[in-house]
Amino acid sequence: MVLQDHFRPPLSVRRHWHAFHNAWATYIASDLNAKLPANYFAEPNVQFGIEIDVAAFEEPLPEFDCPETVIRLPIDFPNNWMSPPAQSVPFLTAAQTVQVSIFSTEAGPVLAGAIELVSPANKDRSTHRGAFVSKCETYLRQGIGLVIVDVVTGRKANLHNELLARLAGGSASPFDAELYATAYRAIERSGNQCLDIWQEKLAVGCELPVLPLWLRGEICLAVELNNIYDRTCREHRIAVSSA
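As a starting point, this report considers the structure included with it. (Residues numbered from 1 in each chain as written. Predicted model: local features only at pLDDT ≥ 70, side-chain atom pairs only at ≥ 80, totals over all residues. Heavy atoms only, no water.)

Remarks on the side chain of D196
(1) Moving on: Relative to the helices and strands, D196 resides in strand 7 (residues 192-201).
(2) Moving on: The buried category is assigned to D196, whose relative accessible area is 0%.
(3) Moving on: Within the structure, the side chain of D196 is placed 2.6 Å from the side chain of R189, a separation counted as a polar contact.
(4) Moving on: With near-sequence residues (within four places) excluded, D196 lies in contact with P85, Q87, S88, A183, Y184, R185, I187 and R189. (Helix = DSSP H or I, 4+ residues; strand = E, 2+ residues; numbered from the N terminus. Buried < 20%, exposed > 50% of the residue type's maximum accessible area, 1.4 Å probe, protein only. Polar contact = N/O pair within 3.5 Å; in protein donor to acceptor, adjacent residues only side chain to side chain. Contact = heavy atoms within 4.5 Å.)

The following block contains the structure:
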């Protein structure tokens, strides 16, 4: 299955984007849960605002069950994201944070990674774009792995470039793409804090790439966007000819 245009006819008048978006996030979470170690879980959270679409959490295991987990990916895994990142820019993680948080007294999960499926509302005005970028900036400054997927054809804003401008200013190269999928990892290298970035152009009529989701703790998961998109289309009875 190749990427289709969900925001223009004929598909936009035959299927609701919200329903597809919700299912896509659910199937991404399901795919991640099949790969995650026992002390992690992924769950979708779709509210069509600026909330996380798919989140991966880490939670403590009982003392009797704390195996070390190493996820090894096949050396012949498809796509080229296992090569060096497209760019690596200077980056400061949050050394100090001043905030008020409300938690249950019961020990709960800790956010380790997030996948954001961009919605039209994220791009429709400057305040919404700013809120989305601020949320992603918070993830990265806390060392949380992040993937952004933008298949919204009806609006031209590039949230990835706005995020890079916020994080790295002129030291980052903008990505010339209307549709894209990007992955980010905050890492210390040679005593310096860096932000590694993988970026892939997307296009209607082309297959979606595989991207790395780097969880805090250096666990890396392959996000097989095309396989999961294909499953979502099949479940929603969307044929290639619908585009």
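Considerations on helix 5 (residues 225-235)
(1) Moving on: Here helix 5 has its buried residues at L225, N226, I228, Y229, D230, T232 and C233.
(2) Moving on: Elements that come into contact with the buried residues of helix 5 comprise helix 1 (17-33), strand 5 (145-150), strand 6 (180-189), strand 8 (210-215) and strand 9 (219-224).
(3) Moving on: Positive backbone phi, at 55°, marks R237, one or two positions downstream of helix 5.

Description of the packing of helix 3 (residues 126-141) against helix 4 (residues 159-168)
(1) Moving on: Look at helix 3 against helix 4: their axes get within 9 Å of each other, and the N-to-C directions meet at 55°. Overall, the two elements helix 3 and helix 4 adopt an arrangement that is oblique. Like other packed secondary-structure pairs, helix 3 and helix 4 cross with a definite hand, here right-handed. Where helix 3 approaches helix 4, its residues R129, G130, F132, V133, S134, C136, E137, L140 and R141 are matched on the opposing element by L159, E162, L163, R166 and L167.
(2) Moving on: For the contact of helix 3 with helix 4, a count of residues per class yields 7 nonpolar, 2 polar and 5 charged. (Axes fitted to C-alpha atoms, helices over the stretch in contact; angles between N-to-C directions. Parallel < 35°, antiparallel > 145°, perpendicular 65-115°, else oblique. Left-handed = near helix turned anticlockwise from the far one by under 90°. Nonpolar A, V, L, I, M, F, W, Y, C, P; charged D, E, K, R; others polar.)

So, the pattern of salt bridges
Where charged atoms from two side chains of opposite charge approach closely, those side chains can pair.
(1) Moving on: Inspection of the entire model under this criterion finds 13 salt bridges.
(2) Moving on: Residues K35 and E224 are paired through a salt bridge, measuring 3.0 Å at the closest nitrogen-oxygen approach. Pair noted here: K35 is in the loop between helix 1 and strand 1 (40-44) and E224 is in strand 9, with a separation of 189 residues, a long-range link.
(3) Moving on: Bridged by salt links that share partners, the residues D31, K35 and E224 form one connected network. (Salt bridge = Lys/Arg side-chain N within 4 Å of Asp/Glu carboxyl O.)

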